[in-house]
Each structure stands twice: as C-alpha cells, then as structure tokens.
Amino acid sequence: MSTVFEMIIEGKIPSTKLYEDDVCIAILDIAPKAKGHTLVISKKVYPTISEAPDEVIAHMFSIVRKIDGKMRKELKAEGTNVFINNSPASGQEVPHLHIHVIPRYSSDGLSFFPPSMDYGDGEMAEYGKKLCL
C-alpha cells in the first residue's frame, strides 16, 4: 500500500510543491503548525532515518538549509524548527522519511518540546556510556 507521500510524489494527490529533484520533494504541510510549514520528503521510501543512506540524508538537509534561508528572507522568520519524527513512538504518522521545517517568530507562542526532566544520581554517566560513539 502506498503512503500519502508516495501518492503526492506520483501526482495522485495534489500538493503545493516548493522543490523537487531525483532524491526528494519539498511541499507545504496541509496541517501546518505555522504558515509556511514545509515537509522535505525522500522520493524513495525509507521508513525512518536509520534506513536512509547517508548521501540521501545529507542531500535532504541541504534542501532544508535552503528552505530555512528562504523562510528567513521571504517570511521574515526569526528562526525555524527542523525535526524528524522518527518511528511511531516519536509521533511519526507516515512511515516515510520526511523532515519538518517550521518558520518561527519570537511572539508566535508555539512550543514543540515536553518539559525537561532530571537524571538520577549517576544516571547521566550511565546514559553517556551507552550512547557514546
């Protein structure tokens, strides 16, 4: 079964396309968190960032950087949120790699992050050991 993004890429579902090449497409999100909210979507289906080749990720982020610049110039965005919901536990609704780029303004009142939490005694060191590259 095709994902909604595959159907958009194939032209079966209309979209407001901002960019397209052999690797990815950039479109406006139909349910934006802010006006101009853009999705950069891989053309080939990779369910998560872990399955995508490094060169695809690098290329997609080069497009993200261009979109960020365009948002700052044309929309006068003061910043952007750039993120990937990676697997359903993180809120990913479509199992197809896509990067959100959301224009931000100091007065927009938006928040995308849960409150911070604390590590217990010695817990930060344990996580550090587990995650060290």
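Throughout, a residue's number is its position along its own chain's written sequence, starting from 1. Totals for whole chains, interfaces and linings use every residue, but because this is a predicted model, local features are given only for residues with pLDDT of at least 70 and side-chain atom pairs only at 80 or more, for both listing and counting. Excluded from the side-chain calculations are hydrogens and water; all other atoms, namely the structure's heavy atoms, are used.

Description of the packing of aromatic side chains
- Only the six-membered ring of Trp is used, alongside the rings of Phe and Tyr, when aromatic pairs are assigned; centres must lie within 6.5 Å, and planes under 30 degrees apart are stacked while those over 60 apart are edge-to-face, with the rest tilted. Applying the stated criterion across every chain, the model contains two aromatic pairs.
- Judged by centre distance (6.0 Å) and plane angle (40 degrees), the ring pair of Phe83 and Phe112 falls under tilted. Separated by 29 residues along the polypeptide, Phe83 in strand β4 (residues 79-83) and Phe112 in the loop between β5 (98-104) and α3 (123-131) bring together distant segments of the chain. We count a stretch as a helix when DSSP gives it H or I for four or more residues in a row; a strand needs E for two or more, and each element gets its number in order from the N terminus.

What about the sheet that holds strand β3 (residues 38-42)?
- Pairs of strands are assigned from DSSP output, requiring at least two bridges between the strands. Strand order in the open sheet formed by five strands is β1-β2-β3-β5-β4, with antiparallel pairing between adjacent strands. In the strand order of this sheet, the two ends are held by β1 (17-20) and β4, each with one partner. Put simply, the sheet's adjacent strands are angled 15 degrees from each other on average, direction ignored.
- Here β4 runs beside β5; their pairing, made up of five bridges, is antiparallel. Across the sheet, the residue bridging to Thr80 is Pro103, located in β5. Axis definition: a line fitted to C-alpha atoms, limited for helices to the stretch in contact. Angles are taken between N-to-C directions and run from 0 to 180 degrees.

Everything listed here is a matter of coordinates, which is why it stays silent on function.
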